[in-house]
Structures are given as C-alpha cells and as structure tokens.
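As a plain string of letters, each chain reads:
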Amino acid sequence: MKPRIAASILSADMGKLAEEIAMCEAGGADWIHIDVMDGRFVPNLTFGAKVIDAAKRATKLPLDVHLMVVEPENYFDSFARSGANGMTIHTEVSPHLKRQLDRIRELGCRAGAAVNPATPLSAVTEVIADIDLLLVMTVNPGFGGQSFIPGSVEKVNRARQMLSTARSAATLEVDGGIDRDTIGQAWGAGADTFVAGNAIFSARNPRAEIGELRDRCVVQA
Ligand code: DX5
Ligand code: ZN
C-alpha cells in the first residue's frame, strides 16, 4: 500500500488557483481535493461546478470532490460533466445512500461515503460493497486549519478492520488536521489517502511539503 496525498485547495490562494494546483502536481500530489460546502450542512460556503471546471483545466491529476452539502444528488451530473473523478457524500445527509452511491458510479466516478467525527462507522456497513472510498473525517467539517481529533486514530483502525473483514478494496481516506505530526498515526492505523490543506499551503515550501508528508508514512514498529 502506497500513501496517496490529496491536496485540498480550500487553503489555496483563489487568485491564482491554476498555479497553486500546478504546484501541487509538481510537488507530487496524487489527487486534488475540492471541498464543496453549501452553508447548510456546514457553516461555510465554497465552490461549485465552475471551480471544478477550472481545476480540471489546470491539472491531469484526479479530482476528489468532497460534497459537504444537503441533497448532494442535485450536483452529481454537473460535477461529473465538469470533470470530477470521485465524489464523496456525507452519510448524515444521504437517506438514500445506496441509490446516491450507485448514481455516482453510473456517472463513471469513484463513489465515496463520509462519516463525521460523531457518526459511527455502522452508517456505512450496509453499503460497503457500493463504496469505492470511505472518508473518515478527522475534524468536524467546514473549515481548513483545524486540529486533528486524536480519538480518530482508533476509529481509522476500526474502519480498516471493517473494510478488510468485508474484503473491500475501498480507499480509506482521512480529512482534517493532517500534518507532519498526525499523518504517521493515521497511516499506522490503516488510512491510505490523506487530505492536506493547511499543512501544504501554510508551509514555507508548499511544494516540498507534499513529499515531507509522504515521507512520514513509514511502517511503524
Ligand atoms: C474540512 C475539509 C478539508 C479541509 C482540510 O472540512 O473537508 O478537506 O481542506 O483542511 P486541513 O488540512 O487544513 O485541516
Ligand atoms: Zn474535504
């Protein structure tokens, strides 16, 4: 298993988005993570299809779109048209989770399900065969630059066990507060994909920071 770094543009300078994305690609990022927020599911507003379009033009990397919105199904078609490669929706606002995940796959995208820190992993047990990605939030979603919730390590561990018991090959992604100090613990617990916003964009050398994060994913004794 090789760690995958998903650079979150939430912390990028929007005035030079294309350059920021190109910098992430040059630094070795694996995915570009795009946080869509609606001011309802989370208390913040961010991007829509136009930004996904712009990101698509700026990179060849896969676009990992994280929908922190109510009624996410309203956006599936337009985001897929804009070039999303994966769409992750929140279990907390997806009563018809299976239908919604199926639709994301029908559109040719990786289907992801996310759980907030307060949401038990049992929210996804019945759809485990229908997900390509499980996102364990390691902060309460809404803002970049928050601190990693320490209890998340144990939850990531359980998530990894759950996926292996189900013989699922789904990606196990963590999002929030991932930096040089926390990434190793999350990797040790079984996460394989790491969203990082603040850690990259507030670094003295953002391009090099991507490699620094990856280097901290080492086999733990
Ligand atoms: C938080 C978002 C994250 C955010 C992470 O609600 O889902 O993707 O960009 O930011 P950092 O890495 O700064 O904690
Ligand atoms: Zn995110």
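Values in this document were obtained by computation on a predicted structure and should not be read as measured data.

Caption draft 1: A look at the overall build of the protein. In terms of regular secondary structure, the protein is built from eight helices and eight strands. For the protein, the C-alpha radius of gyration of 16 Å lies close to 17 Å, the compact-globule estimate for 221 residues. Considered along the principal axes of its C-alpha atoms, the protein spans approximately 45 × 45 × 30 Å. Counting over 221 residues, the protein shows a buried share of 55%. If you take every contact in the protein between residues at least 6 apart in sequence, the share linking residues at least 24 apart comes to 65%. Put simply, the protein shows about 9700 Å² of open surface, and 48% of that area lies on carbon and sulfur atoms.

Caption draft 2: Expanded view of the layout of surface pockets. A volume near 290 Å³ is recorded for the largest pocket. Phe143, Gly144, Gly145, Gly176 and Gly177 are the residues nearest the centre of the largest pocket, which is lined by 26 residues in total. Mapped onto the lining of the largest pocket, the elements with two or more residues apiece are β2 (31-37), β3 (63-68), β8 (193-196) and α7 (198-201). When grouped by side-chain class, the residues that make up the lining of the largest pocket number eleven nonpolar, twelve polar and three charged.

Caption draft 3: Structural view of helix α2 (residues 49-58). Within α2 the residues assigned to the buried category are Val51, Ile52, Ala55 and Ala58. End-on view of α2: buried residues confined to an arc of 120°, all on one side of the axis. Facing away from the buried surface of α2 by more than 90 degrees, the exposed residues are Lys50 and Arg57. Contacts from the buried residues of α2 go to α1 (17-26), β2, β3 and α3 (76-82).

About the thresholds
Residues numbered from 1 in each chain as written. Chains lettered and ligands numbered in written order. Predicted model: local features only at pLDDT ≥ 70, side-chain atom pairs only at ≥ 80, totals over all residues. Heavy atoms only, no water. Helix = DSSP H or I, 4+ residues; strand = E, 2+ residues; numbered from the N terminus. Rg over C-alpha atoms; globule rule 2.2 N^0.38 Å. Buried < 20%, exposed > 50% of the residue type's maximum accessible area, 1.4 Å probe, protein only. Contact = heavy atoms within 4.5 Å. Areas by Shrake-Rupley, 256 points an atom, 1.4 Å probe, with all protein chains shown as cover. 1 Å grid on protein atoms, 1.4 Å probe; cavity = no way out; pocket = protein on both sides within 12 Å on 5 of 7 lines; lining within 4 Å. Points joined across faces, edges and corners; volume = space filled by probe spheres on them. Nonpolar A, V, L, I, M, F, W, Y, C, P; charged D, E, K, R; others polar. Arc of directions from axis to C-beta.

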